[in-house]
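One letter stands for each residue in the lines below.
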Amino acid sequence: MALVLRCSPLNRVLVASSLSGPSKNHLMKQTMLHVIYAKYVSDYRIWVSFDDGSDGVVNLSNLLKGPIFEPIQELDQFKVFTVDPELETVVWSNGADLAPEFLKAH
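Residues numbered from 1 in each chain as written. Predicted model: local features only at pLDDT ≥ 70, side-chain atom pairs only at ≥ 80, totals over all residues. Heavy atoms only, no water.

Brief notes about the overall build of the protein chain
- Along the backbone of the protein chain there are three helices and seven strands.
- A burial count over the protein chain gives 29% of its 106 residues as buried.
- Long-range contacts, defined as pairs at least 24 residues apart, comprise 37% of the intrachain contacts of the protein chain with a sequence gap of at least 6.
- Of the accessible surface of the protein chain, which amounts to about 6,700 Å², a share of 54% is contributed by carbon and sulfur atoms. (Helix = DSSP H or I, 4+ residues; strand = E, 2+ residues; numbered from the N terminus. Buried < 20%, exposed > 50% of the residue type's maximum accessible area, 1.4 Å probe, protein only. Contact = heavy atoms within 4.5 Å. Areas by Shrake-Rupley, 256 points an atom, 1.4 Å probe, with all protein chains shown as cover.)

Quick notes on the pattern of salt bridges
- Applying the stated criterion across every chain, the model contains one salt bridge.
- Ionic pairing is found between K104 and D52, a salt bridge with its closest N-O pair at 2.3 Å. Taken together, the residues K104 in helix α3 (residues 100-105) and D52 in the loop between β4 (45-50) and β5 (55-59) connect sequence positions 52 residues apart.
- Among the residues examined, K104 registers a relative accessible area of 42% and is labelled partly exposed.
- With a relative accessible area of 44%, D52 lands in the partly exposed category. (Salt bridge = Lys/Arg side-chain N within 4 Å of Asp/Glu carboxyl O.)

Quick notes on the nonpolar core
- In this structure, I46, L60, V90, W92 and L103 are the most contacted members of the largest nonpolar core, which totals 19 residues.
- Contributing elements (two or more residues each) for this core: β3 (35-42), β4 and β7 (89-92).
- Here this core takes three residues from β4, the largest share from any one element.
- Excluding its chain neighbours within four sequence positions, the residues that come into contact with L103 are V35, I46, F50, V58, L60, T89, V90 and L98. (Core = buried A, V, L, I, M, F, W, Y, C linked by side-chain atoms within 4.5 Å.)

Regarding the side chain of H34
- Its place among the elements puts H34 in the loop between α1 (21-31) and β3.
- Within the local environment of H34, its side chain forms a polar contact with the side chain of D51, the two groups lying 2.8 Å apart.
- Of note is the side chain of H34, whose polar atom sits 3.1 Å from the side chain of E88.
- Filtering out sequence-adjacent residues up to four positions away, H34 remains in contact with S49, F50, D51, E88 and P100. (Polar contact = N/O pair within 3.5 Å; in protein donor to acceptor, adjacent residues only side chain to side chain.)

Some points on the packing of aromatic side chains
- Counting across every chain of the model gives six aromatic pairs.
- By way of ring pairs, the aromatic residues Y40, Y44, F78, F81 and W92 are connected into one cluster. (Phe/Tyr/Trp six-rings, centres within 6.5 Å; stacked < 30°, edge-to-face > 60°.)

Some remarks on the environment of V83
- Following the sequence through the fold, V83 ends up in strand β6 (residues 81-84).
- In this structure the C-alpha to C-alpha distance between V83 and A38, which are 45 residues apart in sequence, comes to 6.7 Å.
- Every residue in contact with V83, bar those within four places of it in the chain, is listed here: V35, Y37, A38, E88 and T89.

The following block contains the structure:
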C-alpha cells in the first residue's frame with residue numbers, strides 16, 4: 001500500500017491517501033506544523049516558535065514576492081502581524097500569510 005502525503009499551500013490541508021479512520025487522524029496530528037508564537041526581531045526578520053518545540057529567526061527579506069506581499073514589503077506594514085488562532089500561522093492584515101512549513105524551512 002502506497003502512502004501519499006500532499007500539503008496544499010492554499011489551505012494547508014494535509015491529505016493522506018490510502019489511510020482512513022484513526023490511522024489517518026494520528027498521522028495528520030503528527031505531521032501538521034503550527035506556529036504558536038511569533039515576534040518581530042528587526043528588518044524583515046521574525047522569531048517563530050512552532051508546536052513541535054522548535055523555534056528560530058526567519059529572515060523574509062528576499063522571500064516576500066507576489067502581489068499579496070507587496071503591501072508588507074513596506075517595513076512599517078511588515079512589523080504588524082499576528083499569529084492567527086485558526087490558521088495557526090503568521091498573518092498580516094491584508095490577508096497575506098505564510099505556511100508554517102515555509103517559515104521553518106527558511
